[in-house]
Amino acid sequence: MALTRGFYAQLAVACFAVGAGIELFMIKTGFYSIVTQAEAAAWEEGREERAARAAELRERVLEHYATRGQAPPPALLEALGGGKDGGGGSGGGSAAQQPGAGSRAGVTRGLALQSRRRRTGPMQQLSGAPLFPHGREFDTILIDLDDTLYRNDEIPATVRANITAYIVRHLGVPAEAAAALTAELYAAHGTTMAGLAATGHALDWDHWHAEVHGSLDYARLLSPQPATRQVLLDLNLQRHILTNADAAHTAACLERMGLADCFQARPGRQRQGRRRQGRRQGGGDGAAAARLAQRPPRGRAAAQSVWCFESVMELAAAKGALSAEAPVMCKPAKQVYELVLAQLGARASSTIFVDDSPRNVAAAKEVGIFSVLVSPSLAASPGHHPHHHEGADLVIASFTQLPEVLPQIFAPREAPAAEALPAGVPVRVLAS
């Protein structure tokens, strides 16, 4: 049956009448008014809580800079609200810190904030809120050992001489060609040992490390480093050593500098490393090497650990990353950073890497890691700017300078109890 235009007109009028009736019913019953009031109340309550959290974070950031005797960057103060004078704006501070004071809603919000503080993880509790230097949020730092945590020119000079002597004595390379070969292999493969292995030389890793580091007098060459220790302990990140050195050498250096307890490693199976450690230190406690020569941790790693030659090689072997062409896994191979980060459960974009080798730093940067080069010569050069160097995100003269260029990743020296710290809200600090 064909439908006429009159039918459609009647249908339209009927729909309009039903819609108008529903609208009239909602207006008469006050439905729209109820919904609007509820939404407005929810928004106002959320605004007060957001203002309270922002005010608490502002106080926390001001305290953070005050403990260091520094003025907060104006851009940071503006991001937190209240202008550049650091005074909290015109009347917004005290009112925001006590939202709904004296009311049940205010008490409820206060209890909610306290509950959120208790649930906040240790890192966020220390910092009050995650800060974002250079537009990135960091939670992990990888730190090289030799010439990064300490600097003594006699140690690398002795190691180079020992490597040359090893090549002459055990591989039959003429003395006049050994030094040039060492430099060539180091430049091409990251370490001389990796170069020798890649070019077909059969090496006993333990024997190599014992010969290369065995003559070092750690007691004379190294001493406690309280300033470096304080920087490590103040770090608000999960900290890990990432070195090409073997476990025994790493243990000896960290123990002598008083830094061993700044990094926590899992026991491993490096018996040779334990024996060498005891022999080098005159029969001392070889447990340090045992603690450092750990097996790669399963899943999320401990907050601190040491990644040295043995643990990186074991991880690479377990992941099938070694080959006849590349039988040694060491920096600056990009796969080293990728394997370690994957094992730690960390992301490259949230990780900082500190090293004295420009090529190691450049390789880490290519992987996406925020890279810091320790170079006294570059840092002292005329016109140097810490943010301007090809292959590195930052250049510093020494590891202890790190708090000056990245203060956001450090906890205040006199940090209040974790329970008393605000949860805060994220603040992004862009690069200068």
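Residues numbered from 1 in each chain as written. Predicted model: local features only at pLDDT ≥ 70, side-chain atom pairs only at ≥ 80, totals over all residues. Heavy atoms only, no water.

Overview of helix α17 (residues 334–344)
Because an α-helix packs 3.6 residues into every turn, residues spaced three or four apart end up facing the same way.
Link 1 in the chain: If you check which residues of α17 are buried, you get V336, Y337, L339, V340, L341, Q343 and L344.
Link 2 in the chain: Trailing α17 by a residue or two, G345 shows a phi angle of about 75°, which is positive. (Buried < 20%, exposed > 50% of the residue type's maximum accessible area, 1.4 Å probe, protein only. Helix = DSSP H or I, 4+ residues; strand = E, 2+ residues; numbered from the N terminus.)

A few points about the pairing of strand β5 (residues 351–355)
Link 1 in the chain: Of all five residues in β5, five are buried, a share of seventy percent or more.
Link 2 in the chain: Here β5 shows two buried faces, one formed by T351, F353 and D355 and the other by I352 and V354.
Link 3 in the chain: Bridging between β5 and strand β6 (residues 370–374) involves four bridges; their strand directions are parallel. If you follow I352 over to β6, its bridge partner there is F370.
Link 4 in the chain: Taken together, β5, helix α18 (residues 358–367) and β6 constitute a β-α-β crossover, and its handedness is right-handed. (Pairing = 2+ DSSP bridges. Right-handed = clockwise from strand over helix to strand, strands pointing away.)

A look at the side chain of S371
Link 1 in the chain: Position of S371 relative to the elements: it lies in strand β6.
Link 2 in the chain: Overall, the relative accessible area of 0% leaves S371 in the buried class.
Link 3 in the chain: A distance of 3.2 Å separates a polar atom in the side chain of S371 from the backbone oxygen of I369. (Polar contact = N/O pair within 3.5 Å; in protein donor to acceptor, adjacent residues only side chain to side chain.)

Description of the pattern of salt bridges
Link 1 in the chain: The full count for this structure, using the stated rule, is eight salt bridges.
Link 2 in the chain: Its salt-bridge partner being D144, residue K331 comes within 2.9 Å of it at the nearest N-O pair. Of the two residues, K331 is situated in the loop between α16 (309–318) and α17 and D144 in the loop between β2 (140–143) and α7 (154–171); the sequence distance between them amounts to 187 residues. In terms of burial, K331 and D144 fall into one category: buried. (Salt bridge = Lys/Arg side-chain N within 4 Å of Asp/Glu carboxyl O.)

Brief notes about the packing of α7 against helix α8 (residues 175–189)
Link 1 in the chain: Contact pair α7 / α8: the axes reach a minimum separation of 9 Å and the direction vectors enclose 125°. With respect to α8, the element α7 is oriented oblique. Crossing handedness for the pair α7 and α8: right-handed. Residue-level contacts link I163, T164, I167 and V168 of α7 to A175, A178, A179, L181 and T182 of α8.
Link 2 in the chain: Of the residues contributing to the contact of α7 with α8, the split by class is seven nonpolar, two polar and no charged. (Axes fitted to C-alpha atoms, helices over the stretch in contact; angles between N-to-C directions. Parallel < 35°, antiparallel > 145°, perpendicular 65-115°, else oblique. Left-handed = near helix turned anticlockwise from the far one by under 90°. Contact = heavy atoms within 4.5 Å. Nonpolar A, V, L, I, M, F, W, Y, C, P; charged D, E, K, R; others polar.)

Any link to function would need more than the numbers given here.
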